[in-house]
Amino acid sequence: MTLITNHMPTEELQRLDAAHHMHPFTTGDDLAKKGARVITRAKGSTLTDSDGNDILDGMAGLWCVNIGYGRDELAEVAARQMRELPYYNTFFQTTHVPVIALAERLAELAPGDLNHVFFSNSGSEANDTNIRIVRTYWQEKGQPEKTVIISRKNAYHGSSVASSALGGMAGMHAQSGMIPDIHHIDQPNWWSEGGDMSPEDFGLERAQQLEKAILELGENRVAAFIAEPIQGAGGVIVPPSTYWPEIQRICDKYEILLIADEVICGFGRTGNWFGSQTMGIKPDMMTVAKGLSSGYAPISASIVNEDIAAVLGACEFNHGYTYSGHPVAAAVALENLRILDEEGIVTHAANELAPYLKEKFESLGDHPMVGEVKVVGMMGSLALTPDKTTRAKFAADVGTVGFMVRERCFANNLIMRHVGDRMVISPPLVITKAEIDMLSARARKALDEGYENVKAAGLFKAMS
Ligand SMILES: *Cc1c(COP(=O)(O)O)cnc(C)c1O
């Protein structure tokens, strides 16, 4: 056995990584050739790699480190909880203090009568749980034929077999197949799919696809509609203003359960505690994960309203994970929520940082390769295009140009991801204004360098 430490040369760590570690959502052979970047430490909004480079994390890890890196309080709470009660389950008529306290706190924070919490360990598992909750709910109400869940193309709801089927990522469906009774409608992505329509008309058309689907599938068959208030992994797609009010109207009219997948939008990301508040919707259930613990421990939850809790409460719900409501993860999440609240991190991000980020990020809109720029709260995206007026796609496979710009971000010590040919950001909510300046300066440099490479490769032209 090799003793592997931070002090090993980077190439040696990369060689060992390539030899034994399979990376998620990665072409392993390509990565093995160039070597993964080895992250060794982090503080605030800054990562440090094994060569000593400081990298500004414009993505808060994977949209999750809302509180920033390096909070000792969370480490201390975890250590204390591990000593006191490292594990116990909540299956067999038992409970423990961290899970009681976290459920109570989430009921307090969540809007309306979303007052009951079922814990899982990841967003994927929580969405699997949601599928079981809604189908059980309708069975118990004497309507067992209500099993269909409607979702959207290009939605992200996780990577397990069920949650990836629920999501709308074609590449994932192609590899692992579908599960029964999931139906997808089109996404409200005006930039890419809006054609000649105004954003408002397009938003309505996309929302009304839900009504069409309900009528086609049969009102008696549709159990729920699930959506992210703002699509995250799909490219930070902000729906037109007409979209959500119409979706809410349709869900109310046909008594379809509305599930808000708040895994990214929750805990301050959009300028409120939850994206549902920002988008003005009243979900019956919410999925939360990521920012719940700021990524310091794996934990997620399904938060349901009084009605669903009452129906589920009357039967034995045959579901649960060994680590549902894990005491260490629950204690860490609770401490994270305490700090986000008591230090005013959510309100400071909403009132001070978000307007500044919007101004700085939108200033990139004058770049020759940048089309629309969208920022809501502390998440944003920009669309790359060879022609801003026609919103054209590049004459290359989708994502080719985005990847070329992402490479220049990496080279300039900025983590900004690409989703197809959109660049996305979601920095820690504790990023400073000086760091926002740095983020936009590095993003501009990466865009400039990417632009030169794109032109040199003959790719700066519209798809015909
Ligand atoms: C990340 C994400 C998930 C999946 O969460 P995991 O913890 O990776 O399983 C689900 N829904 C949304 C909206 C997400 O962004």
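It should be emphasised that the depicted structure is a prediction, and the values quoted were computed from it without experimental measurement. Each chain has its residues counted from 1, running along the sequence as written. Confidence filtering applies because this is a predicted model: local features only for residues at pLDDT of at least 70, side-chain atom pairs given and counted only at 80 or more, and all residues used for totals across whole chains, interfaces and linings. Working from all heavy atoms in the structure, the side-chain values ignore hydrogens and water.

## Concerning the layout of surface pockets
Then, in step 1: Considered as a void within the structure, the second largest pocket measures approximately 550 Å³ in volume.
Then, in step 2: Taken together, 17 residues form the lining of the second largest pocket, with Thr90, Phe91, Phe118, Phe317 and His319 sitting closest to its centre.
Then, in step 3: Per element, the largest residue contribution to the lining of the second largest pocket is three residues, and it comes from strand β4 (residues 114-120).
Then, in step 4: Of the residues assigned to the lining of the second largest pocket, the class counts are seven nonpolar, nine polar and one charged. Using a grid of 1 Å spacing that covers the protein atoms alone, one calls a set of points a cavity when a 1.4 Å probe fits there but cannot get out, and a pocket when the set is open and has protein on both sides within 12 Å along at least five of seven lines; lining residues are those with an atom within 4 Å of a point. Grid points are joined across faces, edges and corners, and a volume is the space filled by probe spheres set on the points. Note on conventions: DSSP H or I runs of at least 4 residues are helices, E runs of at least 2 residues are strands, and numbering of each starts at the N terminus. Residue type decides the class: Asp, Glu, Lys and Arg count as charged, Ala, Val, Leu, Ile, Met, Phe, Trp, Tyr, Cys and Pro as nonpolar, and the leftover types, Gly among them, as polar.

## Some points on helix α5 (residues 97-109)
Then, in step 1: With 13 residues, α5 should reach 18 Å at 1.5 Å per residue; the first-to-last C-alpha distance of 18 Å fits that figure.
Then, in step 2: A simple rule labels every residue: compare its accessible area, found with a 1.4 Å probe on the protein chains alone, to the largest value its type can have, and call it buried under 20%, exposed over 50%, or partly exposed in between. Within α5, the full set of buried residues consists of Pro98, Val99, Leu102, Arg105, Leu106, Ala107 and Leu109.
Then, in step 3: Note on contacts: a residue pair qualifies if any of its non-hydrogen atoms lie within 4.5 Å across the two residues. Looking at the packing, one finds that the buried side of α5 touches α4 (72-84), β4, α12 (275-279), β10 (300-305) and α14 (327-342). Helix span, expected: 1.5 Å multiplied by one less than the number of residues in the helix.

## A short note on the packing of helix α10 (residues 199-217) against helix α11 (residues 243-254)
Then, in step 1: Put simply, α10 and α11 touch, their axes get as near as 7 Å, and they point 15 degrees apart. The angle between α10 and α11 places the two elements in the roughly parallel class. Seen along the crossing, α10 lies across α11 with a hand that is right-handed. For the pair α10 and α11, the contacting residues are Gly203, Leu204, Arg206, Ala207, Gln208, Leu210, Glu211, Ile214 and Leu215 in the first and Tyr243, Glu246, Ile247, Arg249, Ile250, Cys251, Lys253 and Tyr254 in the second.
Then, in step 2: When grouped by side-chain class, the residues that make up the contact of α10 with α11 number ten nonpolar, two polar and five charged. Note on definitions: angles span 0 to 180 degrees between N-to-C directions of axes, and those axes are lines fitted to C-alpha atoms, for helices only across the stretch in contact. Orientation categories follow fixed angle ranges, with anything under 35 degrees roughly parallel, anything over 145 roughly antiparallel, 65 to 115 roughly perpendicular, and all other angles oblique. Crossing handedness is read from the near helix: turned anticlockwise from the far helix by less than a right angle, it gives a left-handed crossing, and turned clockwise, a right-handed one.

## Here we look at the domain arrangement of the protein chain
Then, in step 1: All domain edges in this entry derive from an automatic or database-based domain assignment. If you check the domain split of the protein chain, you get domain 1 (37-70 + 344-456) and domain 2 (73-342).
Then, in step 2: The C-alpha-based centres of domain 1 and domain 2 are spaced at 26 Å.
Then, in step 3: Taken together, the contacts link 34 residues of domain 1 with 35 residues of domain 2.
Then, in step 4: By definition, a salt bridge exists where a carboxyl oxygen of Asp or Glu is found within 4 Å of a side-chain nitrogen of Lys or Arg. The interface formed by domain 1 and domain 2 holds zero salt bridges in total.
Then, in step 5: Any pair of N or O atoms that falls within 3.5 Å is considered a polar contact. Within protein, one atom must be able to donate a hydrogen and the other to accept it, and sequence-neighbouring residues count only if both atoms are side-chain atoms. At the junction of domain 1 and domain 2, the tally comes to 17 residue pairs in polar contact (both at pLDDT 80 or more).
Then, in step 6: For the side of domain 1 that touches domain 2, the elements supplying multiple residues, two or more each, are α3 (60-63), α15 (345-362), β11 (370-376), β12 (379-384) and β15 (422-425).
Then, in step 7: Here the residues of the side of domain 1 that touches domain 2 are counted per class, giving 18 nonpolar, ten polar and six charged.

## A word on the packing of aromatic side chains
Then, in step 1: Any Phe, Tyr or Trp ring, taking Trp's six-membered ring, that has another such ring centre within 6.5 Å forms a pair; planes under 30 degrees apart are called stacked, those over 60 apart edge-to-face, and the others tilted. Scanning the entire structure with this criterion turns up ten aromatic pairs.
Then, in step 2: On the numbers, 6.4 Å between centres and 45 degrees between planes, the contact of Tyr87 with Tyr88 is tilted.
Then, in step 3: Judged by its relative accessible area of 29%, Tyr87 is partly exposed.
Then, in step 4: Taking 6.4 Å as the distance between ring centres and 55 degrees as the angle between the ring planes, the aromatic pair formed by Phe394 and Phe460 counts as tilted. Of this pair, Phe394 sits in the loop between β12 and α16 (400-411) while Phe460 sits in the segment after α17 (433-456), and the two are 66 residues apart along the sequence.
Then, in step 5: Residue class for Phe394 comes out buried when judged on its relative accessible area of 1%.

## As for the packing of α16 against α17
Then, in step 1: Following both chains from N to C, one finds α16 and α17 inclined at 135 degrees, their axes separated by 8 Å at the closest point. Between α16 and α17, the angle falls in the class oblique. Crossing hand, α16 versus α17: right-handed. Between α16, through Val401, Met404, Val405, Arg408 and Cys409, and α17, the contact on the second element is made entirely by Ala446, Leu447, Glu449, Gly450, Asn453 and Val454.
Then, in step 2: Residues that form the contact of α16 with α17 fall into these classes: seven nonpolar, two polar and two charged.

## Comments concerning the site of the ligand
Then, in step 1: Neighbouring residues of the ligand: Ser122, Gly123, Ser124, Asn127, Tyr156, His157, Gly158, Glu228, Asp261, Val263, Ile264 and Lys290.
Then, in step 2: A distance of 2.9 Å is found between an oxygen atom of the ligand and a backbone nitrogen or oxygen belonging to Gly123.
Then, in step 3: All accessibility values rest on the Shrake-Rupley procedure with a 1.4 Å probe; residue burial counts only the protein chains present in the view. A total of 380 Å² of accessible area belongs to the ligand in isolation, and the protein chains cover 83% of it.
Then, in step 4: Examining the composition of the shell around the ligand, we find that three residues originate from one element, helix α6 (residues 123-140), more than from any other. When at least one non-hydrogen atom of a residue lies within 4 Å of a molecule or strand, that residue is treated as near it.

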